[in-house]
Amino acid sequence: MFIATLRGIYKYSELPEEYVKFADFHAALKKKKIKEDDEIAVLNIVGTNSYHVLFLESYNSLDEIKEELKEAGAKINYTTLKILEGHI
C-alpha cells in the first residue's frame, strides 16, 4: 500500500500549474464543476509520480477521505491527517 502525504492546500485559482491537470482530471471523474475559490488538498502518492486531489468541500469526515484513498491503494500519513482535520 502506498502512503499519501500532503503537498499543500490551495484555492483552485492559486493552484500551482503542475497540479492543475490532476485537479481537472479528478473533477471530470467526479463530474464536479470547479470554482475558483474551491479549497483543494493535493496529496503526493509516495513512490509514484502521481498526486491525489481532494476537493475538501466534498467531504463530511476524515473517514470519507481515508476510504477514498484506501480504494486507490493508499493510506494517509498521520501528519497529513491532522492537517486535514482542521479543514474538514
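Look up: the structure comes first, before these words.
Residues numbered from 1 in each chain as written. Predicted model: local features only at pLDDT ≥ 70, side-chain atom pairs only at ≥ 80, totals over all residues. Heavy atoms only, no water.

Novice: Whenever I open this one, the sheet that holds strand β4 (residues 74-76) confuses me. Can you help?
Specialist: The pairing of strands in a sheet comes from backbone hydrogen bonds and takes either a parallel or an antiparallel form. Taken in spatial order, the four strands make up an open sheet running β3-β2-β1-β4, and their pairing is mixed. Each edge of the sheet is formed by a strand with only one pairing partner; in this case those strands are β3 (51-55) and β4. Ignoring strand direction, the axes of neighbouring strands in this sheet form an average angle of 35 degrees. Taken together, the five bridges between strand β2 (residues 39-45) and β3 define a ladder with antiparallel strand orientation. Bridge pairing in β3 places A41 opposite L54. Against the sheet, helix α1 (residues 17-29) engages β1 (2-11), β2 and β3, with an angle of about 60 degrees to β3. (Pairing = 2+ DSSP bridges. Helix = DSSP H or I, 4+ residues; strand = E, 2+ residues; numbered from the N terminus. Axes fitted to C-alpha atoms, helices over the stretch in contact; angles between N-to-C directions. Contact = heavy atoms within 4.5 Å.)

Novice: How should the pairing of β2 be read in this particular structure?
Specialist: Regular strands have side chains that alternate between both faces of the sheet. Of all seven residues in β2, six are buried, a share of seventy percent or more. Pairing geometry for β1 and β2, over seven bridges, is antiparallel. Along β2, the bridge assignment pairs A4 with I45. Counted between consecutive antiparallel strands, the loop separating β2 from β3 contains five residues, among which G47 sits at a positive phi close to 95 degrees. (Buried < 20%, exposed > 50% of the residue type's maximum accessible area, 1.4 Å probe, protein only.)

Novice: Looking at this structure, how should I read the packing of helix α2 (residues 62-71) against helix α3 (residues 78-85)?
Specialist: Each packed pair of helices is defined by two parameters, the angle between the axes and the distance between the axes. In the contact formed by α2 and α3, the axes pass within 10 Å of each other and the chain directions differ by 140 degrees. Classified by the angle their axes make, α2 and α3 are oblique. The handedness of the crossing between α2 and α3 comes out as right-handed. Between α2 and α3, the residues in contact are L62, I65 and K66 and L81, L84 and E85, respectively. (Parallel < 35°, antiparallel > 145°, perpendicular 65-115°, else oblique. Left-handed = near helix turned anticlockwise from the far one by under 90°.)

Novice: Just checking my understanding: could you explain the pattern of salt bridges for this structure?
Specialist: Proximity of charged atoms lets side chains of opposite charge pair with each other. By the definition in use, this model includes seven salt bridges. The partner of E57 in a salt bridge is K32, with the nearest N and O atoms 3.0 Å apart. A residue pair is termed long-range when its members are at least 10 positions apart, and E57 in the loop between β3 and α2 and K32 in the loop between α1 and β2 qualify at 25 residues. The partner of E85 in a salt bridge is K82, with the nearest N and O atoms 3.4 Å apart. With a gap of three residues between them, E85 and K82 both fall in helix α3, about one helical turn apart. (Salt bridge = Lys/Arg side-chain N within 4 Å of Asp/Glu carboxyl O.)

By themselves these figures say nothing about function.
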